[in-house]
Structure formats: C-alpha cells, structure tokens
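Topology and contacts: notes
Listed here are the chains, written in short residue letters.
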Amino acid sequence: MKIMGVGGGAREHALAEAIARSAHSPEIYWVSELRNPGIYKIVKATGGEYALADTKDAGRIADLAVKWHVDMVVVGPEEPNFHGIPDEVERRGIPCIGAKRSLSIIEMSKAEMRRLQWKYNIPGKLLFKTYQSYSEALRDLERYSETLTWLQNVALKPARQAGGKGVKVVEDSQIYLHAEKQEFKERHMRWLEEYMEKYSDIEEKILVEEKVWGPEYTLQCFVDGRTVVGMPLVQDNKHAHEFDIGPETGGMGSYTGRDFLLPFITEEEYKRSIEIVEAMVKAIQDVTGEHYHGFIAGQMMLTEIEGPTLIEMYSRLGDPEGVNVLALLKTDIVDIFEAIIDERLAKMKIEFSDEATVVKSLAPKGYPDFRSLAKGHPVYVNETLIKEKGCKLYWGSAHLGLDGSITTGGSRLIEILAIDESPAKASQRIEECISLNPVKLLDGWGLFYRSDIGSAEMISRRVELAERVRRLYKYREERGTLGKRIDWLPKIGRVDPVASLLKELSFRR
Amino acid sequence: MNTPGILGIYPFGLGRENWRISRFVYYGLLALQHRGQEASSIITLGDDLHVESRRGLVEDAFNEKALLSIPGFIGVGFLSSASNDSPIVISSPIRLVLVGDGMPLLGKDRQSAWRAFAELLSDEISRTGNSLKAAVKLVEEVNGGYSFIALTEDQEMLAGRDKYGIKPLEIGSLGFDLGAIASETSALDVLGMDHVLSVGRGEVVRFDPYSIERMRVRELPNPAYCSFEYVYLARPDSILNGIPVYSVRIRMGEILAKETPATADTVIGIPETAIPFAIGYSRASGINVDLGFVTTGRRVRTAIKPSVFERLMGVQLKLNPIKSAVNGKDIILIDDSVVRGTTLRNTVWNLKRRGARRIHVRIGSPPLKFSCPFGVEIPPPDELIARSLSEEEIAEVVGADTFSFLSVNGLSQALGLPPSNLCLRCWLGGVKS
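Reading the values: rules and limits
- Residues numbered from 1 in each chain as written.
- Chains lettered and ligands numbered in written order.
- Predicted model: local features only at pLDDT ≥ 70, side-chain atom pairs only at ≥ 80, totals over all residues.
- Heavy atoms only, no water.
- Helix = DSSP H or I, 4+ residues; strand = E, 2+ residues; numbered from the N terminus.
- Rg over C-alpha atoms; globule rule 2.2 N^0.38 Å.
- Buried < 20%, exposed > 50% of the residue type's maximum accessible area, 1.4 Å probe, protein only.
- Contact = heavy atoms within 4.5 Å.
- Areas by Shrake-Rupley, 256 points an atom, 1.4 Å probe, with all protein chains shown as cover.
- Lys, Arg positive; Asp, Glu negative; His and termini not counted.
- Charge placed at Lys NZ, Arg CZ, Asp CG, Glu CD.
- Domains from an automatic or database assignment.
- Buried area = accessible area lost by both parts, 1.4 Å probe.
- Salt bridge = Lys/Arg side-chain N within 4 Å of Asp/Glu carboxyl O.
- Polar contact = N/O pair within 3.5 Å; in protein donor to acceptor, adjacent residues only side chain to side chain.
- Nonpolar A, V, L, I, M, F, W, Y, C, P; charged D, E, K, R; others polar.
- Phe/Tyr/Trp six-rings, centres within 6.5 Å; stacked < 30°, edge-to-face > 60°.
- Lys NZ or Arg CZ within 6 Å of the ring centre and 35° of its normal.
- Core = buried A, V, L, I, M, F, W, Y, C linked by side-chain atoms within 4.5 Å.
- Pairing = 2+ DSSP bridges.
- Axes fitted to C-alpha atoms, helices over the stretch in contact; angles between N-to-C directions.

1. Things to note about the overall build of chain A
A count of helices and strands for chain A gives 17 helices and 27 strands. Against the compact-globule benchmark of 23 Å for 509 residues, chain A has a radius of gyration of 22 Å, which places it among compact chains. By principal-axis analysis of the C-alpha atoms, chain A measures approximately 75 × 50 × 45 Å. Each of the 509 residues in chain A was classed as buried or not, and the buried ones make up 62%. Pairs at least 24 apart in sequence give 69% of the contacts found in chain A among residues at least 6 apart. For chain A, the exposed surface amounts to about 19600 Å²; the carbon and sulfur share of it is 49%. Here chain A holds 70 positive side-chain charges and 79 negative ones, and the gap between their average locations is 1 Å.

Have a look at this one:
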C-alpha cells in the first residue's frame, strides 16, 4: 500500500508517524514546501519518496499522486483544502482524506461559517458583522454605537482564515481608556484591510464578532460523510508568551486530560460540543451536496451566553492539537482512513489510550509577528537526549538541506510531546527535557516556548474560569434565556441584536 | 506608614509602537494611589526615555494635557509617600531606569539602596550580556524585602522579587497585546486586565519585544510574605500571592471576636481599612455592624500623612461620626492597627462626645513595635505607643473601656500561613522567621 501526505509541519510529522505505525506497513510518500527532517526520515525508512512543491497547486500535487501510484492521499494543513487538492486528487481517481474546497469554506471563510450556523440555527453562535473595507466598518461602528452595544466589546478578525493571524480582542468597557481603545480598533481594522489584500478568494475582509470570555478547547473529529467521531478534547494555547500574554500564534502548546475530557469540561459539555460539530457537518454537506471525508475540528469556548460555543472551525486537525490526539490513538489510522473512504466509520471502534499528553512548541524569537527575524537560523537538535528524557520530538517549520543541515522556516520550529498520567506530570517531564537544552540555534539566536502549558497552576486557573462561566450559562439555562441577548436602552426601549442580525442575514439571502 | 507602588506595562506584537501608554500608566497608578501620595512618576520608553516625576497625587501631578504630551509605548509608574523618592535612572554602562517597592539591604535609606541596586544591575548586565541572568544573580545575592521593575535601553522590562517574597508583585494580561506587572492586582483590574499569576519569590520575569522569560534563584528559602500588606498596605480588592486581602481582613475580624469578645450594641470599623475587620467581628460575634463615620473630601490615608498638623486635619475630615449610629450605644470600635494612638484617641473621644457609652477598642493586628527594615515608613520606635504601653495603659490613654490587639497567632491563622512563612518584623522585631 502507498500513502501520500501533504504538508510540512509538526502535525504532518505526527500524521506520518501514525501512518508508519500501521500494520499495513505502507510505503509513505510526501510533499511539502520545506523538507521536514522528521517526515523525511520516516518516508525514507518506508522506501517512499519526498518532493518539494507548492501545496496550493492542485494540479502539481495530483500529478505527484498519479506518478507515485499512491492508494490514498492525506492532507494535513488547511490551505491545500482551500485550493481544492482533495477535489483534484479524487478527480484523478485517488481517494483523499481532506475536505473538498466547497466544504472547507467552513474554515476558509469565518463569515460563511457563522452565516451557516445562524441559518441552520445551530447552538453556540456569536453575533457578527462583516465588512469589505476599513472605512465601511468604521462608518458602521459609528452608526450603531448607540443601538448595538455589543459592538463596544469585540473580536476583530480577518474574515478569511489567515494562518491563525490577525485576531485582536478589544474590550472597550473602561470609559477612561476609550480614546486609546478606539484608536487601536481603527488602526487594527486598517491593518486587516491591508493584510487581506493578498487573499483574492474572498470579498469580505473584516469580521467583527462579539467578544466572549471563557476557557477554550478544541474538539477534533473524524468524518466520513455520514458519521462524526469525536476524539479526546485538547486545550491549545494561542498567546505567544507565558501566562497567556502577548500576540496570537498558531498555538504554543496543548494538553489533553483523561477520559476524552479536560479538567474543566464536563461530559455534558463534550456532548453538546460534538452535537454542534455534527450539525455543522450536516449543514455544510446539505449546502454543497458533497460528502465530507477527513478531519474536522471545532475550536470551542465555554461562554456565558450559551455554554459550549463555536469560535472557529478547522477543516483539518489542529496544530499542535493533532499531535496530542495522534499520540494517543490506538486504532490503526490506515484502517480509519479506509473506513472514511468507504463511509463505514459508524461500524468502527476507534480507541485512544487513557493517558494525558502535553505538547510544547519551540519557536525562534520573532515568531509570530516578525517572522523574517525568525527565519534562516541553523538548528542543532539532540534527539537522543529528548528520547532519554521520555519525550518525543516533532519537526515543524524547518528545512532539511541536501547537505544534512537544518534551518528554521520562521514559524514554530519543533514540538515536544510527553505522555503521563496527568498534564502536570507530562508538562514537568518536558520542562526537565528542555532544561538540558536539547534544541539550539547554532548562530546564537534565541528560541522561546511556554513553560506554563499543562502545569497545575494553569489548569487550576482554567478550572476556576470555567466554574465562573458555567454558573452564568446555567443561570441562563434555568431561565430559558440561553443564547438570548437582552438589552434595554433609554429612549429606544428593548433591543434585540439577534433579531437585527437575522433580519440582516435574510435580507442578504 | 507606607511602601511604594510600582507598575509596568509592556506591549507585544506588530504595531506595538503605536500604543500611547501614558494614560494606561496613569489609571494603573490611580488604583495604587493608597500606597503613596507624595510623589508620582510616569516613565515611558519609545524613541526615547521619558521620566516625569512630580509631587503629589497622580490626579494633581498629571492632567490630560500632560498625559497627551508623554509619548512612548512601554510604560512604568511609581508612587511614593516620600516626596524625595523618585525612579532611579542609570546612564552607564547600561542605560536603565528602575522603580522599587520595599528595600534591598544596600544602603541606609530607600533612595540610596535602590540606587546601589540599579548600579549593580547595570554593571552586571554589561558584564554578562544577559539581563535576565544578571537580575537573578542580584536577587540571589542581595538581601532585603523588595520588588522592582526595571526598563533597559534595549526595551527589556525586568520585574523581580526578593527570595522571601516579602514585597508583592502581580502579573496581568490584556488581549493579544499588553502584559503588565503591578504591586497589586487592583491596578490590573482598573486597566481591564486579566490577573494571571504572581511573580514568584526569588523570580525575575523578563519581557522583551519577542518573548517573556522567567528564571528563579537556585536555592529558595521559605517564603516570608509581608503581613503588613494584608493588615493595612494593600487595597481590599487586591489578591497578593494568591491570597485575597479582603478575605484575610474578614478573618482577622472573626478571630479578633473569638480572641477578645466584648458585649456591645454595635460594631463599627474606622474607615476605610478597618471596615472589613468590623464585618468579620460582627459575623463571628453576632453583634450588628454599623457605619460609624462619613468622610469628607478626597480619600486620605491619615497614617501616611507626613506632618502632625496634616494628620490631625486628616482626622477631622476623614472621620465625622454619624451621631444616630453611636448615641447611647455600647460600641466595639475596630481599627486595623495603632501607631501613635493620636488618631484613635481623637476618634474615641469624638464618639463619646456624640453620646457613645462604652467603647471597646479592638485592633485587627498585633502591637506595632518595630520599624521596618525594608523601608515601610513606620515612625521611629519611640513614637510607637504599643512599644511603651500595655493594652490596659493604652485603653486609659485613648479613653477606651477595654482595648486589645489581635495575637500574632491569630494573624497567621487569618492568613492561612504559619508564622514561619510570614514577615512579622514590625510586630516581633528582628526575630528569625
């Protein structure tokens, strides 16, 4: 059997490793933009081949799949999905694990995702508005500043998935800092408009969404067009720095708890979350008439408005969250892929080992906002030391040169995984490993990572946060006001922002 | 009685240089104002370093125009009750500015001790080329009870605490943009920030444009958190070292009621610090609590006013009794601490003149007998009434029917920490803790 993978990050390294573990002993072929040292090693060990190519070029990727006579293609990242790699590969008669272009719109367009959710009335929604330009957004915010009070506390996002970048949260609830925050809002929307110029595949550029607070978690699933199978919950940590401070990244580290749950999420909340993801899959299949084959994930938050709430969707595994779950997966992944292709996941028993995992990312200084600084540094890694300390290494944004040297690609360089009975213990194990400096940049440029991920301190903070949020949404649940936004304004009277949004959406349709 | 307030705000990410940080520092300092009312400083770093040190309250020292004229996107704030206290600026070998709370044991007074500390820091950074290691080395070697925030010419912000964690320091975060360090969480709250954690004792946290790193001294002694922070210095809405100040004060009142019960019609706390103590005393004793006083004018903390005249002025303004709450009643009057007894004597007689019958004075802390080796401005020992007089004698002087302090054990119980984990030097003197 021959399997080809697409994408060159740590998530894809973990995928390649899971495929290599299969009892089918497949020959593994791979294509990505940089030569990932970890994937390269696996590919070579199975007798496969590795090619460098633009993974957004559907024709080129499909050509390689045909040339290598592979039995299936597995897509790791989102951009190949957005560019129709699964569509083209299947058109050439090769089954593909990856969301087709029209299905992956639920990730590509954050606005389409949200509209779909409102249209099908799927729980866990947020109020939103979209704009094509900065000036349009500004005019609107001005116009509605008195009547739509939610516009004061917002998340400003690129309307298209843009590499997990560009999200800013502005809570303008201290009147004395209003001028600073207003200025900041304007500046960021202007920046978003410029940043989005490079994406020509979408009209809407700026998404303004109501700001929510609460603990976040990711629910990743296998989908075969009929059945959605949930994996253990993972918590990813988006802030670049220690203590949840600093800019948004693709994820600086993640952990799983035991029994599919996180220490701050209940079984009932898991159930509601998976119902949301299932409903979204059904909705997007309904709209497109396509069958969804591959991975899907809900990036969720427990909010006071509705409890489990959908923040964004991934048409793939998360990175680093994918590394956590693949490390726990006991079932042969190739069997799962075959079941997805044949649409018989419902009959399959998928098992994960009941242990906790922690993943921590190491990135060169400069990531995420000043990537040119983070790129091109020579890397030294002592893999034996990492193994000796009971940890595992996954290569991320790195390039293996023909001379065997490795240089940084500018994004997260390496992810280190540990498995133990609790996140705190696994976190501690990684700390011990990293304290021995197993990863260095040979030119002396600094690396950074977050020591707090998975620690007992972090988890108790998340538990405390979840308890406060739960108290609020349970209160709403008791009163039957879950998901309702109730407001009364002097001289105007009762205001219902949900009704105004629905009116706007139906007008659009 | 006072200790400075310090604050640092640091933006991250693309566009970080667009923040005008002065107003954030201003409002953060407002929430730390109780820690010092004689000198206010706003320091910013952008294209250049700006150090603005002015006399008086933050509100008086900086108006809107002044704030708008201070550029810079990294900000540090400093407050003190000594008008000659100011941020330390070192120009070489490494240019840096430093603000500190408490005192490293490197000099006779706070200003000279902090200057020596800042000079050592500058030298050490220059010698090692690593500001984080340099600061940790200093924390390892320099004894004292202190916390500091330093800003270097390389846009690095260092924040650290002594090995025992005597002086507090807390960390906050705002959105994907700002990180902050402050003496108390009240400053983080007012800025709309999430309080994330305390800086650990013996730990230095370094913010640079691309990362946050933290490092701790190798050998960590037992903690010795300043107990006076919980009794008086900190705001009741602050959480220090994971312990909420308000809950501690409530418990102190409850324990006080158990240790030294009294029969009375009502419990009254002297504003504002002693009000939670009175609530606690009331809960444990079952005696109702009343509002006994109304304050006039701005909030003034009498204990930290420098001159006797101003202090007495302060008492008149601060503590106007509510006659109908006290007339004809037996009262348990609670204060947080007693320094000279002047304020208390005035207050007791004021109440009696308004018709109060018996007054049982209860103090939410042990007898204050010693000066603070770490720079909390406590009057000299010969001005401390508890050093010279017994409880019975104090009762006589202030005109109370009975008078008692909280025991040291009661204090430790209220904090939920053994005495060995607290700094108790102002109550017990230079005993080993």
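2. Thoughts on the domain arrangement of chain B
How large an interface is tends to be reported as the accessible area lost when its parts come together. Examined at the domain level, chain B breaks down into domain 1 (5–221) and domain 2 (249–417). When each unit is reduced to the centre of its C-alpha atoms, the spacing between domain 1 of chain B and domain 2 of chain B is 34 Å.

3. Overview of the interface of chain B and chain A
Across the contact, 33 residues belong to chain B and 33 residues belong to chain A. Between chain B and chain A the total buried area reaches about 3100 Å² when both faces are included, carbon and sulfur atoms providing 64% of it. Among the residues of chain B in contact with chain A, B:Leu14, B:Phe176 and B:Tyr210 are the three that bury the most area, contributing 28% of the side total. Where chain B packs against chain A, one counts six salt bridges. When the shortest N-O distance is used, the salt bridge between B:Arg214 and A:Glu242 registers 2.8 Å.

4. Digging into the domain arrangement of chain A
Residues and elements named next belong to chain A. For chain A, the assigned domains are domain 1 (2–98), domain 2 (127–211) and domain 3 (216–456). The distance between the C-alpha centroids of domain 1 and domain 2 comes to 37 Å. Between domain 1 and domain 2, the residue contacts involve four residues of the former and four residues of the latter. Summed over both partners, the interface of domain 1 with domain 2 buries about 250 Å², with 46% contributed by carbon and sulfur atoms. Three residues, Glu-78, Glu-79 and Phe-82, lead the burial of domain 1 against domain 2; their summed loss comes to 91% of the area buried on that side. Where domain 1 touches domain 2, the interface holds one salt bridge. Two residues, Glu-79 and Arg-160, come together in a salt bridge whose shortest N-O distance is 2.9 Å. Viewed at the interface, domain 2 and domain 1 are joined by one residue pair in polar contact (both at pLDDT 80 or more). Among the residues forming the side of domain 1 that touches domain 2, the class breakdown is one nonpolar, one polar and two charged.

5. Considerations on the side chain of A:Lys129
All names here are of chain A. Tracing the backbone through its elements, the reader meets Lys-129 in strand E6 (residues 128–131). Among the residues examined, Lys-129 registers a relative accessible area of 5% and is labelled buried. A polar side-chain atom of Lys-129 sits 3.3 Å from a polar atom in the side chain of Asp-140. The contact partners of Lys-129, leaving out residues within four places of it in the chain, are Asp-140, Tyr-144, Leu-148, Trp-150, Leu-151, Ile-206, Leu-207, Val-208 and Glu-504.

6. Some details on the packing of aromatic side chains
What describes a pair of aromatic rings is the distance from one ring centre to the other and the angle between the planes of the rings. Counted under the stated rule, the structure contains 25 aromatic pairs over all chains. Each ring, one from B:Phe117 and one from B:Phe148, has its centre 5.1 Å from the other, and the planes form 55°; the classification is tilted. Remark: B:Phe148 occurs in strand E7 (residues 144–152) and B:Phe117 occurs in helix H4 (residues 110–128); sequence separation between them is 31 residues. On the basis of relative accessibility, which here comes to 0%, the residue B:Phe117 falls in the buried class. Centroid distance B:Phe228 to B:Trp427: 5.6 Å. Interplanar angle 65°. Geometry classified as edge-to-face. Taken together, the residues span a long stretch of sequence, with B:Phe228 in helix H7 (residues 227–233) and B:Trp427 in helix H16 (residues 425–428) at a distance of 199 residues. Side by side, B:Phe228 and B:Trp427 carry an identical accessibility label, which is buried. An aromatic cluster of three or more residues is present, and its members are B:Trp114, B:Phe117, B:Tyr146 and B:Phe148. A:Lys125 extends its terminal NZ or CZ atom over the ring of A:Trp118, reaching a point 5.1 Å from the ring centre.

7. Things to note about helix H2 (residues 37–45) of chain A
Residue and element names in this part refer to chain A. Along H2, the residues that are buried comprise Pro-37, Gly-38, Ile-39, Ile-42 and Val-43. The N-capping residue of H2, defined by a side-chain oxygen 2.8 Å from the backbone nitrogen of Gly-38, is Asn-36. Once H2 ends, the next one or two residues include Gly-47, with phi positive near 85°.

8. Focus on the environment of A:Glu210
Residues and elements named next belong to chain A. Among the structural elements, Glu-210 can be located in strand E9 (residues 206–210). Residue Glu-210 is classed as buried on the basis of its relative accessible area of 7%. For the pair formed by Glu-210 and Val-31, sequence separation is 179 residues and the distance between their alpha carbons is 39 Å. Aside from chain neighbours lying at most four places away, what touches Glu-210 is Leu-126, Leu-127, Trp-150, Asn-153, Val-154, Ala-155, Ile-305 and Arg-485. In this structure the side chain of Glu-210 is engaged in a polar contact, spanning 2.7 Å, whose partner is the backbone nitrogen of Leu-127. Polar side-chain contacts of Glu-210 include one of 2.6 Å to the side chain of Arg-485.

9. Describing the nonpolar core
Residue and element names in this part refer to chain B. Ile-9, Phe-24, Phe-62, Ile-181 and Phe-207 are the most contacted members of the largest nonpolar core, which has 79 residues in total. With five residues, the single largest contributor to this core is helix H1 (residues 22–30). Not counting chain neighbours up to four residues away, the residues in contact with Ile-9 comprise Ile-21, Phe-24, Val-25, Phe-73, Ile-74, Gly-75, Met-157, Leu-178, Gly-179, Ala-180, Leu-191 and Met-193. In terms of nonpolar packing, the next biggest core, distinct from the first, is built from 70 residues, Ile-166, Ala-224, Phe-405 and Leu-406 among them.

10. Re the sheet that holds E9(A)
Residue and element names in this part refer to chain A. As summarised here, the arrangement of the four strands in space is E6-E9-E7-E8, forming an open sheet in which the pairing is antiparallel. Every interior strand has two partners, whereas the edge strands, E6 and strand E8 (168–171), have only one. Averaged over all adjacent pairs, the angle separating strand axes in this sheet is 20°, with direction ignored. Where E6 lies against E9, four bridges are found, and the strand directions are antiparallel. Residue pairing across strands places Tyr-131 opposite Ile-206, the latter belonging to E9. Sheet contacts for helix H7 (residues 110–119): E6, strand E7 (153–158) and E9; angle to E6, the most-contacted strand, approximately 140°. Sitting on the sheet, helix H9 (residues 178–196) touches E7, E8 and E9, and the angle it makes with E7 is about 20°.

11. A word on the sheet that holds strand E19 (residues 375–381) of chain A
Residues and elements named next belong to chain A. Strand order in the open sheet formed by four strands is E21-E22-E19-E24, with antiparallel pairing between adjacent strands. Both outer strands of the open sheet, strand E21 (398–400) and strand E24 (439–441), are each paired with one neighbouring strand and no more. Neighbouring strand axes in the sheet, compared pairwise and without regard to direction, differ in orientation by 40° on average. Here three bridges tie E19 to E24, and the two strands are oriented antiparallel to one another. Its bridge partner lying in E24, Tyr-380 is registered against Lys-440.

12. Some remarks on the pattern of salt bridges
Residue and element names in this part refer to chain A. Going through the model one piece at a time under the given rule, you end up with 70 salt bridges over all chains. Note that Glu-209 and Lys-157 form a salt bridge whose closest N and O atoms lie 3.0 Å from each other. Of this pair, Glu-209 sits in strand E9 while Lys-157 sits in strand E7, and the two are 52 residues apart along the sequence. Here Glu-209 matches Lys-157 in class, with each residue buried. Among the salt bridges present, the one from Arg-187 reaches Glu-183, with a minimum N-O distance of 3.4 Å. Placement of both Arg-187 and Glu-183 in helix H9 is noted, with a separation of four residues, approximately one turn of the helix. Of the residues examined, Arg-187 reaches a relative accessible area of 23% and is grouped as partly exposed. A residue is classified by how much of its surface remains accessible, and Glu-183, at 35% relative accessible area, is partly exposed. Salt bridges sharing partners connect three or more residues here, namely Lys-110, Arg-114, Lys-157, Glu-209 and Glu-312.

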